[in-house]
Amino acid sequence: MQYRKLGRTGVEVSSQCLGAMMFGAVGNPDHDDCVRIVHRALDAGINFIDTADMYSAGESEEVVGKAIKGRRDGIVLATKCFFPLGEERNGRGGSRRYIVRAVEDSLRRLGTDRIDLYQMHRRDWDTDLEETLDALTDLVRQGKVLYAGSSSFPADQIVEAQWAAERRGGVRFVCEQPQYSVFARSIEESVLPAARRHGMGVIPWSPLAGGWLTGKYRRGEQPPAGARFAHSDNPAWRGRSVDVDPSAPVRYDAVERLAKIAEEAGLPLTHLALAFVGEHPAITSTIIGPKTMPQLDDLLAAADVRLDAAVLDAIDEVVPPGTDIAGINHRTGTPALDAGNRRR
């Protein structure tokens, strides 16, 4: 396991970050098993854990809280807020009112007195960015949050957040968490350069494209039982499963080509995909999201894999730099794409 500075902070984090999205009802409902997965990751050298309040409606944070008892000081703990956990009208977003409450709820579920990295899970287009940053600044000054970050922000808003923090003398985002994989490369054009220009860490989510880049979804083959996108009747992932996804044929083609590249490189496809993400100079730590112990062991085995220029060039032939494969949705929600803002 390698360790890198998180942006311009003095904090060192492991090159793999344990993502906790699959802990709880949406993924693995066995809390004891999830705790064992966390402990195995920590013992392997991971010191960075990322969760969010909306993962299984707070259950993921509760699991992480159980797992880190007695080991808290050795962990860089990250969580996020933005998405609603209930029906309350103001129970979501980036307003001061919501952020202050969401932090307290996350602290309680995590069983800790501070969050090392608190991230806005999405840009709240209905709230002034300066209000969001002011709330985060107050929380940092109170010691409840140590650093602030963003997730899935478009490049212009990453830059605007830096400028707003400078104007108001507040905390700046030290980290961005974007979607990034062989399938989702459009952030290479502007998001990653913006993060590097402002000295931000980058911790990408979904480096395996929801499992597609493990090779578990192959043309003409039945997906393994329990796979996230195996069937359209999966209530957690309805509408995105291989049997109804119109982009599936393009993805099947890409997986077949990438599997051949991986075989020629002497690597499992999973390791090729993870190593590809880590090769970009902007990347600080790659988020891995295991649901089971065998999955974790496979992901850990990729921690030190490197790709040479010939392999990277071959991947570029499958999905060109700065582009996304069909079906990728970065979900920025920018109002600039609303019909009323793009038509006269």
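Residues numbered from 1 in each chain as written. Predicted model: local features only at pLDDT ≥ 70, side-chain atom pairs only at ≥ 80, totals over all residues. Heavy atoms only, no water.

Each helix and strand counted, the chain has 11 helices and 10 strands in total. In terms of C-alpha radius of gyration, the chain reaches 19 Å, essentially the compact-globule figure of 20 Å for 344 residues. For the chain, the spread of C-alpha atoms along the three principal axes comes to 60 × 55 × 40 Å. When the 344 residues of the chain are sorted by exposure, 55% land in the buried category. Put simply, of all contacts in the chain between residues at least 6 apart along the chain, 76% involve residues at least 24 apart. Total accessible area on the chain stands at roughly 15,000 Å², and carbon and sulfur atoms take up 48% of it. Seen as two clouds, the 43 positive and the 48 negative side-chain charges of the chain have centres 3 Å apart. (Helix = DSSP H or I, 4+ residues; strand = E, 2+ residues; numbered from the N terminus. Rg over C-alpha atoms; globule rule 2.2 N^0.38 Å. Buried < 20%, exposed > 50% of the residue type's maximum accessible area, 1.4 Å probe, protein only. Contact = heavy atoms within 4.5 Å. Areas by Shrake-Rupley, 256 points an atom, 1.4 Å probe, with all protein chains shown as cover. Lys, Arg positive; Asp, Glu negative; His and termini not counted. Charge placed at Lys NZ, Arg CZ, Asp CG, Glu CD.)

Moving on: helix 9 (residues 293-300). By the burial criterion, the buried members of helix 9 are Leu296, Leu299 and Leu300. The buried residues of helix 9 occupy an angular sector of 100 degrees when projected down its axis, which confines them to one face. The elements touched by buried residues of helix 9 are strand 3 (16-19), helix 1 (31-43), helix 8 (269-279) and strand 10 (286-288). (Arc of directions from axis to C-beta.)

Turning next to the sheet that holds strand 7 (residues 145-151). Consider a sheet: its strands pair through backbone hydrogen bonds, and that pairing is either parallel or antiparallel. Taken together, 8 strands build an open sheet; the order of strands is 9-8-7-6-5-4-3-10 and the sheet is parallel. The open sheet terminates on both sides in strands that have one partner only, identified here as strand 9 (201-202) and strand 10. On the sheet, helix 3 (residues 96-110) packs against strand 5 (76-81), strand 6 (115-120) and strand 7 and is oriented at approximately 135 degrees with respect to strand 6. Along the sheet face, helix 4 (residues 129-142) touches strand 6, strand 7 and strand 8 (173-177) and points at about 155 degrees away from the line of strand 7. (Pairing = 2+ DSSP bridges. Axes fitted to C-alpha atoms, helices over the stretch in contact; angles between N-to-C directions.)

A separate point is the packing of aromatic side chains. Under the counting rule described, the total for this entry stands at 5 aromatic pairs. Between tryptophan 212 and tyrosine 217, the ring centres sit 5.1 Å apart and the planes meet at 45 degrees, which makes this aromatic pair tilted. With respect to burial, tryptophan 212 and tyrosine 217 carry one shared label: buried. Aromatic ring contacts, followed pair by pair, group Trp212, Tyr217 and Tyr252 into a single cluster. In this structure, arginine 123 is placed above the aromatic ring of tryptophan 125, and the distance from its NZ or CZ to the ring centre is 5.1 Å. (Phe/Tyr/Trp six-rings, centres within 6.5 Å; stacked < 30°, edge-to-face > 60°. Lys NZ or Arg CZ within 6 Å of the ring centre and 35° of its normal.)

What follows deals with unusual backbone geometry. One non-glycine residue, serine 56, lies in the positive phi region at around 50 degrees. Within the secondary structure, serine 56 is located in the loop between strand 4 (48-50) and helix 2 (59-67). Of note, alanine 209 is a non-glycine position whose phi angle comes to about 50 degrees, a positive value. Looking at the element boundaries, alanine 209 is found in the loop between strand 9 and helix 7 (248-265).

On to helix 2. Among the 9 residues of helix 2, 7 are classified as buried, and the element is accordingly described as predominantly covered. Among the residues of helix 2, Glu59, Ser60, Glu61, Val63, Val64, Gly65 and Ala67 are the ones counted as buried. Elements that come into contact with the buried residues of helix 2 comprise helix 1, strand 4, strand 5 and helix 3.

Attention now goes to the nonpolar core. Looking at soluble globular proteins, one finds that nonpolar side chains tend to be buried together. Core analysis: the largest hydrophobic core is formed by 91 residues, its most contacted members being Phe183 and Trp212. Within the second largest apolar cluster, 13 residues are counted, among which are Val11, Val13, Ile203 and Trp205. (Core = buried A, V, L, I, M, F, W, Y, C linked by side-chain atoms within 4.5 Å.)

As a further point, take the side chain of histidine 280. Take histidine 280: it is sitting in the loop between helix 8 and strand 10. Residue histidine 280 is classed as buried on the basis of its relative accessible area, which comes to 19%. Discounting residues that sit within four places of it in the chain, histidine 280 has contacts with Tyr180, Glu188 and Leu192.

Another aspect to go through is the pattern of salt bridges. Considering all chains together, one arrives at 23 salt bridges under this definition. Here aspartate 297 makes a salt bridge to arginine 40, at a shortest N to O gap of 3.1 Å. Taken together, the residues aspartate 297 in helix 9 and arginine 40 in helix 1 connect sequence positions 257 residues apart. A residue is classified by how much of its surface remains accessible, and aspartate 297, at 33% relative accessible area, is partly exposed. The partner of arginine 167 in a salt bridge is glutamate 130, and the shortest N-O contact between them spans 2.8 Å. On the criterion of sequence distance, the pair formed by arginine 167 in helix 5 (residues 155-168) and glutamate 130 in helix 4 is long-range, its members being 37 residues apart. One network of salt bridges, with partners in common, ties together Glu130, Asp134, Glu160, Arg167 and Arg168. (Salt bridge = Lys/Arg side-chain N within 4 Å of Asp/Glu carboxyl O.)

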